[in-house]
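# Descriptive analysis of the structure
One-letter residues, chain by chain:
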Amino acid sequence: MAEFSYLKDPVWRKEILRDAFGKGFLGFAAFAVFTGVLCWWVRGAELFLQTFGGDAELLIKLLPRVMVALSIAALIWVMLPRDRISALVGTDSGLRGLFIAMLAGAVTPGGPSSAYALLAVLALSGADRGALVAYITAWATLGLQRILVWDVPFMGTEFAILRGLISLPLPVVAGLIARMLPLTVTYRDEAGIHRP
Amino acid sequence: MSVGFLVLFAILVILLGLAITRRERPGPIVKRFIEQVAKLLPRMICALIAAGFVAELLPKEAIARLLGAEAGLLAIPVAAATGLLIPAGPVISFAVAAVFAKAGASTPALVTFITSWSIFAAHRILIYELPLLGPSFLRMRALAALALPFLAGVLSVFVGLMTSFGAPVPMP
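Figured I'd write up the structure that's included with this text. Keep in mind the model is a prediction, meaning the values are calculated, not measured. (Residues numbered from 1 in each chain as written. Chains lettered and ligands numbered in written order. Predicted model: local features only at pLDDT ≥ 70, side-chain atom pairs only at ≥ 80, totals over all residues. Heavy atoms only, no water.)

Counting secondary structure elements, chain B contains nine helices and zero strands. Beginning at the N terminus, the succession of helices and strands in chain B can be written as α-α-α-α-α-α-α-α-α. Over its C-alpha trace chain B gives a radius of gyration of 20 Å, far above what one expects of a compact globule, namely 16 Å for 172 residues. Overall, the C-alpha framework of chain B stretches about 65 × 35 × 30 Å when taken along its three principal axes. Buried positions account for 55% of the 172 residues belonging to chain B. In chain B, once contacts between residues fewer than 6 apart in sequence are set aside, the share between residues at least 24 apart is 75%. When the accessible surface of chain B is split by element, carbon and sulfur atoms take 76% of a total near 7400 Å². Counting 13 positive and 6 negative side-chain charges, chain B places the centres of these two groups 11 Å from one another. (Helix = DSSP H or I, 4+ residues; strand = E, 2+ residues; numbered from the N terminus. Rg over C-alpha atoms; globule rule 2.2 N^0.38 Å. Buried < 20%, exposed > 50% of the residue type's maximum accessible area, 1.4 Å probe, protein only. Contact = heavy atoms within 4.5 Å. Areas by Shrake-Rupley, 256 points an atom, 1.4 Å probe, with all protein chains shown as cover. Lys, Arg positive; Asp, Glu negative; His and termini not counted. Charge placed at Lys NZ, Arg CZ, Asp CG, Glu CD.)

Here it is in structure tokens:
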């Protein structure tokens, strides 16, 4: 199977293992153990077990979502017409690009796994940094799904409407600031090449 | 099965259908999928476990006292800082927000807290943003968005001067 030859490539396999269980992972694992021990020590064994059980339950609920979200991102990654994206939200897209990015962010369903995977695709497709910031800010603060599923039941409808209205200008403001910042941004490409 | 998951699943089915009709090669798609799962999944599991413990360890009642109406404008920077401290998804952060609301936190403080958490939640930065987009993007985005929680807080202070609309009704 030439199609899946990379599966047997030792360099690729090593890279996958390093991505999965390298230094970053060890840091996370150490932090989880540390907070767990602290929780046991400060709050007692019963609450520790209860919290751990809650975490495990949440994880089981999240796993299928993450798998679906990453499958979507992989499909989009391969099929997306890159040139059209850069025309829509590229460096010359102006205010219109920021508004398009904001709208896209507000309607992107799902949690961070889908939004950030899409953000990475957009970044490597030549989207302007203002549009990228506007997109992820809109997803975070204005996401319709989040407002409906979390703000409304936990904080009440009036509060949800107020927070939604107040958040309306935020993505464009952040996008405009992002365009003015004198910083260079590089993304790690698939092949490890840095692209501006 | 939540609505969110069903929507995601429907999008996946549509994209799969599209990929089949366009005769896309499966190799690159599977490769990208495996690479992203390797980058995200092991860290996600650890972060999720740590997040539950951190939320349990946070002194929620003590913070809530600093977010009340008598704290005045000071409540806004405190709320913005607290948003950074919740390294967990909406289940935990909205539960914490409801605890704050019940303990008497002001509406601007709650708006600031939720905005700050949604933009800067530490777990999202560590699990998704750094591995997928890298440190230079994070630095640029953080600077661009730094003022937003304060902006949201100040806007809701102004709204509060004109109307009492938007008072929270926290979940019991």
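Structure's up, so let's keep going.
Along the chain, Asp 55 of chain A falls in helix H3 (residues 45–79). Assessed through its relative accessible area of 5%, Asp 55 of chain A is described here as buried. In the structure, Asp 55 of chain A is positioned 124 residues away from Arg 179 of chain A in sequence and 39 Å away in space, judged by C-alpha atoms. Sequence-distant contacts of Asp 55 of chain A, defined by excluding residues within four places in its chain, comprise Leu 48, Ile 49, Gly 52 and Phe 53 of chain B.

Attention shifts here to unusual backbone geometry. Residues and elements named next belong to chain B. At Arg 23, a position not held by glycine, the phi torsion is positive, near 50 degrees. In this structure, Arg 23 sits in the loop between helix H1 (3–21) and helix H2 (26–57). Assessed through its relative accessible area of 75%, Arg 23 is described here as exposed.

What follows concerns the packing of aromatic side chains. Evaluation of the coordinates by the stated rule reveals 15 aromatic pairs over all chains. Ring geometry for Phe 4 of chain A and Tyr 6 of chain A: centres 6.2 Å apart, planes at 65 degrees, overall edge-to-face. Grouping residues by exposure puts Phe 4 of chain A and Tyr 6 of chain A together as buried. Connected via pairs of aromatic rings, a cluster forms that spans Trp 40, Phe 48 and Phe 52 of chain A together with Phe 53 of chain B. For the cation-ring pair, Lys 31 of chain B lies above Tyr 6 of chain A, with the distance from its terminal atom to the ring centre recorded as 5.8 Å. (Phe/Tyr/Trp six-rings, centres within 6.5 Å; stacked < 30°, edge-to-face > 60°. Lys NZ or Arg CZ within 6 Å of the ring centre and 35° of its normal.)

What follows deals with the interface of chain A and chain B. At the junction of the two partners, chain A supplies 91 residues and chain B supplies 89 residues. With both sides pooled, the region where chain A packs onto chain B buries about 8400 Å², and carbon together with sulfur makes up 79% of that total. On the surface where chain A and chain B come into contact, there are two salt bridges. For Glu 3 of chain A, the salt bridge goes to Arg 25 of chain B, with nearest N and O atoms at 3.5 Å. Where chain A meets chain B, there are ten residue pairs in polar contact (both at pLDDT 80 or more). (Buried area = accessible area lost by both parts, 1.4 Å probe. Salt bridge = Lys/Arg side-chain N within 4 Å of Asp/Glu carboxyl O. Polar contact = N/O pair within 3.5 Å; in protein donor to acceptor, adjacent residues only side chain to side chain.)

Residues and elements named next belong to chain A. Where helix H8 (residues 144–155) meets helix H9 (residues 157–167), the closest approach of the two axes is 7 Å, and the angle between their N-to-C directions is 130 degrees. In terms of their interaxial angle, H8 and H9 are classed as oblique. Residue-level inspection shows Ile 147, Asp 151, Val 152 and Met 155 of H8 in contact with H9, the latter providing Thr 157, Phe 159, Ala 160, Arg 163 and Gly 164. Tallied by class, residues from the contact of H8 with H9 come to five nonpolar, two polar and two charged. (Axes fitted to C-alpha atoms, helices over the stretch in contact; angles between N-to-C directions. Parallel < 35°, antiparallel > 145°, perpendicular 65-115°, else oblique. Nonpolar A, V, L, I, M, F, W, Y, C, P; charged D, E, K, R; others polar.)

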